[in-house]
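One letter stands for each residue in the lines below.
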Amino acid sequence: MDITRSSPAPVRVVAVPPEPEPADLTALPEPIAVEPLQPLQPLPATATTATTSAITTAATTSAITTTATTSTTATDVRGRRGRPRPRDLLALLRPGQWVKNLAVVPLALLDTHPWGAAAFLRTGWAVLGFTLASALVYVVNDLADRERDRLHPVKRHRPIASGRVSTFAAFVLTGALALALTGWAVAGPAWQWWPTALYLALSFAYSQGLKHVPLVDAFIVATGFVLRLVQGALLIGAQMSEWLALCVFSLCLMLALGKRRHEMTAAGRAHRPALRGYTLAFLDHLVVLVAVLTAVSYVLYLRDDASLAAGASLVTLLSAPCAVFGLARYLQLLLVEEGGGNPVHVLFRDRATLVNAALWAVLVALALLLPQSPA
């Protein structure tokens, strides 16, 4: 026997489970026992009454609420469109801009000496006329620009653009302002209302298309302020200084250009088509150029045409730095602090500007009120 040869492996026996019997597909399933349904018991009379009452009350409350909501909505719509609120109509006239007339028209008094009650009354009459004219222009501009104003982040809150004042109400207000302005012209001195009429003509031409022409738009705005000065001079019978007119024109042109620069940085060029003819660098150069012209024309007015008292040269010399500081402060607000969107707010809410303006007014008043030298 050879023990070196391996023996074969033992055979493994595996038990195979028996196959299950095939299911009888012909056998029917056993029926499931179902309990018979019990008949519904009628609700008690008290429960039926309570349920019906609750449903009726809920329906009545819903109807009343719906009616009240509909009535309130209809009232709000009628109040917003049919009967605008007085404060919305007043906001449409922009009373915050009336200070421009108070600041420019009385400048004609600088060339009148001595002052009297008649001069102040006529100056007030000129302010009234230009306030009516400017309010009329504001309403017409808002009517023409209502679609474009709705796309502006700030101007979309104006009364017409926001829908607080309807177009019909704005047209009625326009007619009332036109009648009031006509009465002002008829009641005043004959043919001395032509600066106001020229202002209206330029403003309507501005609204109809000139506001889209670069440079022309800003020059028309500045010309309107010179016409304010001319109107005041005509009504008080003063001889208007050319240097003073140039100073007012250049100052207002600087403010108009500054406003356009702020609009470019705040809302881009899409809102005002005329902005496509400007760039920030171009506006910066123009603003500085016009500021220099304003300072030079002011100094020349003080030297040549101002009705100053004898020995007021020192006071005049002190007022010139105030004027230059005011211009520099505006440029700082415009170019450094990115302001200038509303020149009225910039000039009358900035503390440094207010203090400087008060000091300048005191110096100019001293130069004007001191006794005149004998002829």
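(A) Representation of the overall build of the protein within the structure. The helix and strand inventory of the protein stands at 14 helices and zero strands. Taken from the N to the C terminus, the helices and strands of the protein come in the order α-α-α-α-α-α-α-α-α-α-α-α-α-α. Taken over 375 residues, the protein has a buried fraction of 37%. Put simply, of all contacts in the protein between residues at least 6 apart along the chain, 74% involve residues at least 24 apart. As displayed, the protein has an accessible area near 22,900 Å², and 69% of this comes from carbon and sulfur atoms.

(B) A look at the packing of helix α4 (residues 117-144) against helix α8 (residues 194-208). As a packed pair, α4 and α8 sit with axes 10 Å apart at the nearest point and diverge in direction by 10 degrees. One element, α4, and the other, α8, form an angle in the roughly parallel class. On α8, the residues touching Gly-129, Phe-130, Ala-133, Ser-134, Leu-136, Val-137, Val-140 and Asn-141 of α4 are Pro-195, Thr-196, Tyr-199, Leu-200, Ser-203, Phe-204 and Ser-207. Looking at the contact of α4 with α8, its residues break down into nine nonpolar, six polar and no charged.

(C) Inspection of the packing of α4 against helix α7 (residues 167-187) at higher detail. At a minimum axis separation of 9 Å, α4 and α7 run at an interaxial angle of 155 degrees. Taken together, the axes of α4 and α7 are roughly antiparallel relative to one another. α4 and α7 meet at a crossing whose hand is left-handed. Between α4 and α7, the residues in contact are Trp-125, Ala-126, Leu-128, Gly-129, Leu-132, Ala-133, Ala-135, Leu-136, Val-139, Val-140 and Leu-143 and Thr-167, Ala-170, Phe-171, Leu-173, Thr-174, Leu-177, Ala-178, Ala-180, Leu-181, Trp-184 and Ala-187, respectively. For the contact of α4 with α7, a count of residues per class yields 19 nonpolar, three polar and no charged.

(D) Seen up close, the side chain of Asp-142. With respect to the helices and strands, Asp-142 occurs in helix α4. Within the structure, the side chain of Asp-142 is placed 3.3 Å from the side chain of Arg-158, a separation counted as a polar contact. Here Asp-142 is in contact with Leu-92, Arg-94, Asp-149, Arg-158 and Ile-160, once residues within four sequence places are set aside.

(E) Broad picture of the nonpolar core. Grouped together as the largest cluster of nonpolar side chains are 46 residues, with contacts concentrated most on Leu-229, Val-248, Leu-253, Met-254, Leu-257 and Tyr-278. Take this core: its biggest share by element is 12 residues, from helix α10 (residues 242-267).

(F) Expanded view of the environment of Thr-316. Inspection of the secondary structure assignment puts Thr-316 in helix α12 (residues 313-336). Since its relative accessible area comes to 13%, Thr-316 is described here as buried. Distance in space between the C-alpha atoms of Thr-316 and Leu-368 is 9.9 Å, their sequence separation being 52 residues.

(G) Just the packing of aromatic side chains, in detail. Using the criterion set out here, one finds six aromatic pairs in the structure. Measuring from ring centre to ring centre gives 6.1 Å for Trp-125 and Trp-184, while their planes differ by 20 degrees; the resulting arrangement is stacked. You can see Trp-125 sitting in helix α4 and its partner Trp-184 sitting in helix α7, a full 59 residues away along the chain. Exposure remark for Trp-125: the relative accessible area of 29% places this residue in the partly exposed category.

(H) The arrangement of a nonpolar patch on the surface in detail. Taken together, Leu-210, Val-213 and Val-216 make up a surface patch of nonpolar side chains, about 180 Å² in accessible area. Turning to its location among the elements, Val-213 is positioned in the loop between α8 and α9 (216-236). Residue classification places Val-213 among the partly exposed positions, given a relative accessible area of 33%.

(I) Broad picture of empty space enclosed by the protein. The final tally for this structure, using the stated rule, is one cavity of 30 Å³ or more. The calculated volume of the largest cavity comes to roughly 40 Å³. Lining the largest cavity are Trp-125, Trp-184, Ala-185, Gly-188, Pro-189, Gln-192, Trp-193, Gln-231 and Leu-235. Among the elements of the structure, α7 and α9 are those that each provide at least two residues to the lining of the largest cavity.

Procedures and definitions
- Residues numbered from 1 in each chain as written.
- Predicted model: local features only at pLDDT ≥ 70, side-chain atom pairs only at ≥ 80, totals over all residues.
- Heavy atoms only, no water.
- Helix = DSSP H or I, 4+ residues; strand = E, 2+ residues; numbered from the N terminus.
- Buried < 20%, exposed > 50% of the residue type's maximum accessible area, 1.4 Å probe, protein only.
- Contact = heavy atoms within 4.5 Å.
- Areas by Shrake-Rupley, 256 points an atom, 1.4 Å probe, with all protein chains shown as cover.
- Axes fitted to C-alpha atoms, helices over the stretch in contact; angles between N-to-C directions.
- Parallel < 35°, antiparallel > 145°, perpendicular 65-115°, else oblique.
- Nonpolar A, V, L, I, M, F, W, Y, C, P; charged D, E, K, R; others polar.
- Left-handed = near helix turned anticlockwise from the far one by under 90°.
- Polar contact = N/O pair within 3.5 Å; in protein donor to acceptor, adjacent residues only side chain to side chain.
- Core = buried A, V, L, I, M, F, W, Y, C linked by side-chain atoms within 4.5 Å.
- Phe/Tyr/Trp six-rings, centres within 6.5 Å; stacked < 30°, edge-to-face > 60°.
- Patch = residues over 30% accessible without salt bridge, like charges linked within 9 Å, V, L, I, M, F, W, Y side chains within 5 Å.
- Salt bridge = Lys/Arg side-chain N within 4 Å of Asp/Glu carboxyl O.
- 1 Å grid on protein atoms, 1.4 Å probe; cavity = no way out; pocket = protein on both sides within 12 Å on 5 of 7 lines; lining within 4 Å.
- Points joined across faces, edges and corners; volume = space filled by probe spheres on them.

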